[in-house]
Amino acid sequence: MEPFSCTVLVLGGGPSGYVCAIRAGQLGLDTVLVESGKLGGTCLNVGCIPSKAIIHAAEEFATAKRFSAGNAIGIRAADPSIDLAATMAWKDGIVARLNGGVFGLLRRAKVKVVNGTGYLRDGKTCVVESDTGRQEITAAHIVIATGSEAVALPNLPFGGPVISSTEALSLDSVPQRLAVIGGGYIGLELGIAFRKLGSEVTIIEAQDRLLPHYDAELTRPVASRMRKLGITVHLKAKALGLHAAGDTLKIGLEDGSEQRVPADKFLVTVGRRPRTSGFGLEELDLTMNGRAIEIDDQCRTSMRNVWAVGDVTGEPMLEHRAVAQGEMVAEIIAGEKRSFDHVAVPAVCFTDPEIATAGLSPQEARDAGHAIKVGQFPFTANGRAMTLEAEDGFVRIVARADNHVILGIQAVGHGVSELSGSFALALEMGARLEDVAATIHVHPTLSECVREAALAALGHALHA
Ligand code: FAD
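The structure presented is a predicted model; accordingly, all values stated were derived computationally and were not measured.

**Examining the overall build of the protein**
The helix and strand tally for the protein stands at 13 helices and 24 strands. For 464 residues, the compact-globule estimate of 2.2 N^0.38 gives 23 Å, and the C-alpha radius of gyration of the protein, at 24 Å, lies within 12% of that figure. Across its three principal axes, the protein shows a C-alpha extent of roughly 70 × 65 × 45 Å. Sequence separation of 24 or more characterises 63% of the internal contacts of the protein that already satisfy a separation of 6 or more.

Below is the structure:
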């Protein structure tokens, strides 16, 4: 195929890459997007969207089962069952709609999409191999957006009954017994969902508590709910490998003893790492930060006009950070003055109950040298939470003691993911406790707890 050139070549069509390409196209830059798989990357095809679809289906099924068992609301239903293959087909339909949507947006922005595996020969040239041949493309700017991949355990390699989140999100039947190795957010989201779908679930976590990246107070309601759901948890435990028959995991406990965990599937969720091989990184002279490509606050790499965005640049590996970086890089290439100077990258853990965080926890704020005020408001004192039968959890606000500027907001509880936008907005706007307290929040909603937490920090909560 004839070589051609463009202004911006984006390597990787996940959220960071396709958003960068759309924005570059909107700004009139001649843009090419190279993607070896499906548009939308990890997030859309095997990550955020499929996992949230399965979590929703599991929640609906659990609700139906609760109704069949009798409940305080007074709803009675017959014995429910689930056809996981049908659930997966429904999930695939959502993914397909979104794939098509991304393709349409790229076309509207006049981005040329090249399907194939891209290999960077140098900082200006990408060779794309596909079923139809070999295409050489030169570009004034190259944006590396190759994402991340699941980390495998050397003594528990993927294959057969040992699966990653990708396979877990495509199972056509509910495993009778599921062992989850890794108690981070992906492991817990999927472990809880499969428990609700009917699996006997065991979680194996090497550290002394689940969700070790979140502060303990926030994770307590999740651990308590998991106990109620009947999930077995082994802390300070290490997966040592499978027994020969492949149906039992050997785990090492803190006291030096070993235990056997029989299961039909072993889901390894011990983390993700930047995808830095297979696209010619070795041909470039890029400074690395561990396994990630090092970037500055404009996502510039150590090579001129070579940019990197999204998971390939390391933690936090989150879709909304990837998107913000991709959009920003397109605008900088187009000549706008931008930098990644966000106060916070909010994060949500879609467990039961959910955890939402933005900015600093009380401990992080103290460690950063701030004298702080903390206000906390429980969902037990919120009418909407009672009507939703969702009284577990709280909203917490951390603010500077001197001028009341908010440093962080966190919550754990049913549906708090939908509050996370207001947390991030308060931080980006530099809001003070008084700003949140003076904002009228709709009644009856869970969001009233945000205002009440601000009032609590000011010393005069109204409803607690
Ligand atoms: P990716 O989405 O990984 O996309 C990279 C793309 O590059 C891929 O499509 C790949 O095929 C392509 N590519 C790589 N190499 C080449 C090459 N040589 N040539 C051509 N194409 C190439 N984040 C959240 O914020 N919220 C969530 O709830 C959430 N849930 C998740 C659940 C799971 C189970 C998983 C696994 C992840 C989840 N994430 C979540 C993380 C989120 O998916 C990632 O942060 C996001 O997808 C990163 O986007 P990206 O563009 O950097 O990379």
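**As for helix H7 (residues 216–229)**
For H7, which comprises 14 residues, the first-to-last C-alpha distance of 20 Å matches the rise-based estimate of 20 Å (1.5 Å per residue) to within 8%. Its buried side turned inward, H7 meets helix H6 (185–197), strand S10 (200–204), strand S11 (232–234), strand S21 (354–359), strand S23 (394–400) and strand S24 (406–413). Just past H7, the residue Gly 230 takes up positive phi, approximately 85°.

**As for the pattern of salt bridges**
Tallied over the full model, the rule gives 17 salt bridges. The closest approach of N and O atoms between Lys 196 and Glu 59, which form a salt bridge, is 2.4 Å. Linking Lys 196 in helix H6 with Glu 59 in helix H3 (residues 48–68), this pair joins segments that are 137 residues apart in sequence. Take Glu 59: its relative accessible area is 32%, and that puts it in the partly exposed class. With its nearest N and O atoms 3.1 Å apart, the salt bridge here joins Arg 177 to Asp 264. Within this pair, whereas Arg 177 is found in strand S9 (residues 177–181), its partner Asp 264 is found in the loop between strand S14 (258–262) and strand S15 (265–268), the two being separated by 87 residues in sequence. Owing to a relative accessible area of 25%, Arg 177 belongs among the partly exposed residues under this scheme. Note on Asp 264: relative accessible area 31%, which makes it partly exposed. Linked by salt bridges that have partners in common, Glu 59, Lys 196, Arg 225 and Asp 352 make up one network.

**Quick word on the site of the ligand**
Near the ligand you find 38 residues, and of these Ser 16, Glu 35, Thr 42, Lys 52 and Glu 319 are the closest. Ser 16 has a polar side-chain atom sitting 2.7 Å from an oxygen atom of the ligand. Between the ligand and the protein, one listed contact pairs an oxygen atom with a side-chain N or O atom of Lys 52 at 2.7 Å. Listed by contribution, the elements that provide at least two residues to the shell around the ligand are helix H1 (15–26), strand S2 (31–35), helix H2 (41–46), H3, strand S4 (117–122), H6 and helix H8 (319–333). Among the elements that take part in the shell around the ligand, H2 stands out by supplying 4 residues, more than any other.

**So, the sheet that holds strand S13 (residues 248–252)**
In space, the 3 strands of this open sheet follow the order S12-S13-S14, with antiparallel pairing throughout. A strand with exactly one partner marks an edge of an open sheet, and here the two such strands are strand S12 (238–242) and S14. Taken over all neighbouring pairs, the strand axes of this sheet differ in orientation by 30° on average, direction set aside. Sheet analysis places S12 next to S13, joined by 4 bridges and oriented antiparallel. Bridging across to S13, Gly 241 finds its partner in Lys 250.

**Things to note about the nonpolar core**
One recurring pattern in soluble globular proteins: nonpolar side chains tend to sit buried together. Residues Phe 194, Ile 203, Met 226 and Ile 355 are the most contacted members of the largest nonpolar core, which totals 35 residues. With 6 residues, the top contributor of residues to this core is H6. Three or more residues apiece are contributed to this core by two domains, here domain 2 (162–270) and domain 3 (347–458). Beyond its immediate stretch of four places on either side in the chain, Ile 355 contacts Leu 211, Tyr 214, Leu 218, Thr 219, Val 222, Ala 347, Val 348, Cys 349, Ala 411, Val 412 and Val 416. In terms of nonpolar packing, the next biggest core, distinct from the first, is built from 29 residues, Val 395, Phe 423, Ala 426 and Val 450 among them.

**Details of the domain arrangement of the protein**
For the protein, the domain assignment lists domain 1 (4–50 + 86–149 + 273–333), domain 2 (162–270) and domain 3 (347–458). If you average the C-alpha positions of domain 1 and of domain 2, the two centres end up 32 Å apart. Interface area for domain 1 against domain 2, summed over the two sides, is near 460 Å², with a carbon-plus-sulfur share of 59%. Ranking the residues of domain 1 by area buried against domain 2 places Val 46, Pro 50 and Met 88 at the top, with a combined share of 74%.

**Digging into H3**
Taking 1.5 Å of rise per residue, the 21 residues of H3 would be expected to cover 30 Å, and the 30 Å separating its terminal C-alpha atoms lies within 8% of that figure. Taken together, the buried positions of H3 are Pro 50, Ser 51, Ala 53, Ile 54, Ile 55, Ala 57, Ala 58, Phe 61, Thr 63 and Phe 67. Turning to H3, the residues buried within the fold contact H2, helix H4 (84–108) and H6. Phi turns positive one or two residues past the end of H3, at Gly 70, with a value near 90°.

**Let's talk about the side chain of Ser 16**
Mapped onto the fold, Ser 16 is located in helix H1. With a relative accessible area of 6%, Ser 16 lands in the buried category. Once residues lying within four places of it in the same chain are set aside, the contact partners of Ser 16 are Ala 145, Val 309, Gly 310, Ala 322, Val 323 and Gly 326.

**Things to note about unusual backbone geometry**
With an omega of -5°, the peptide bond running from Glu 315 to Pro 316 counts as cis. With omega at -10°, the peptide bond leading from His 443 into Pro 444 counts as cis. Structurally, the position occupied by Pro 444 is in the loop between helix H12 (433–437) and helix H13 (448–457). Located in the positive-phi region is His 404, a residue other than glycine, with phi close to 65°. With respect to the helices, strands and loops of the structure, His 404 is situated in the loop between S23 and S24. Residue His 404 is classed as buried on the basis of its relative accessible area, which comes to 15%.

**As for the packing of H6 against H7**
Interhelical geometry of H6 versus H7 gives an angle of 25° and a closest axis separation of 11 Å. Considered as vectors, H6 and H7 are oriented roughly parallel to each other. The two elements H6 and H7 cross, and the hand of that crossing is left-handed. Together, Leu 188, Ile 192, Arg 195 and Lys 196 of H6 and Val 222, Arg 225, Met 226 and Leu 229 of H7 make up the contact between the two elements. Residue composition of the contact of H6 with H7, grouped by class: 5 nonpolar, no polar and 3 charged.

So, how was this worked out
Residues numbered from 1 in each chain as written. Predicted model: local features only at pLDDT ≥ 70, side-chain atom pairs only at ≥ 80, totals over all residues. Heavy atoms only, no water. Helix = DSSP H or I, 4+ residues; strand = E, 2+ residues; numbered from the N terminus. Rg over C-alpha atoms; globule rule 2.2 N^0.38 Å. Contact = heavy atoms within 4.5 Å. Expected span 1.5 Å × (residues − 1). Salt bridge = Lys/Arg side-chain N within 4 Å of Asp/Glu carboxyl O. Buried < 20%, exposed > 50% of the residue type's maximum accessible area, 1.4 Å probe, protein only. Near = heavy atom within 4 Å. Polar contact = N/O pair within 3.5 Å; in protein donor to acceptor, adjacent residues only side chain to side chain. Pairing = 2+ DSSP bridges. Axes fitted to C-alpha atoms, helices over the stretch in contact; angles between N-to-C directions. Core = buried A, V, L, I, M, F, W, Y, C linked by side-chain atoms within 4.5 Å. Domains from an automatic or database assignment. Buried area = accessible area lost by both parts, 1.4 Å probe. Parallel < 35°, antiparallel > 145°, perpendicular 65-115°, else oblique. Left-handed = near helix turned anticlockwise from the far one by under 90°. Nonpolar A, V, L, I, M, F, W, Y, C, P; charged D, E, K, R; others polar.

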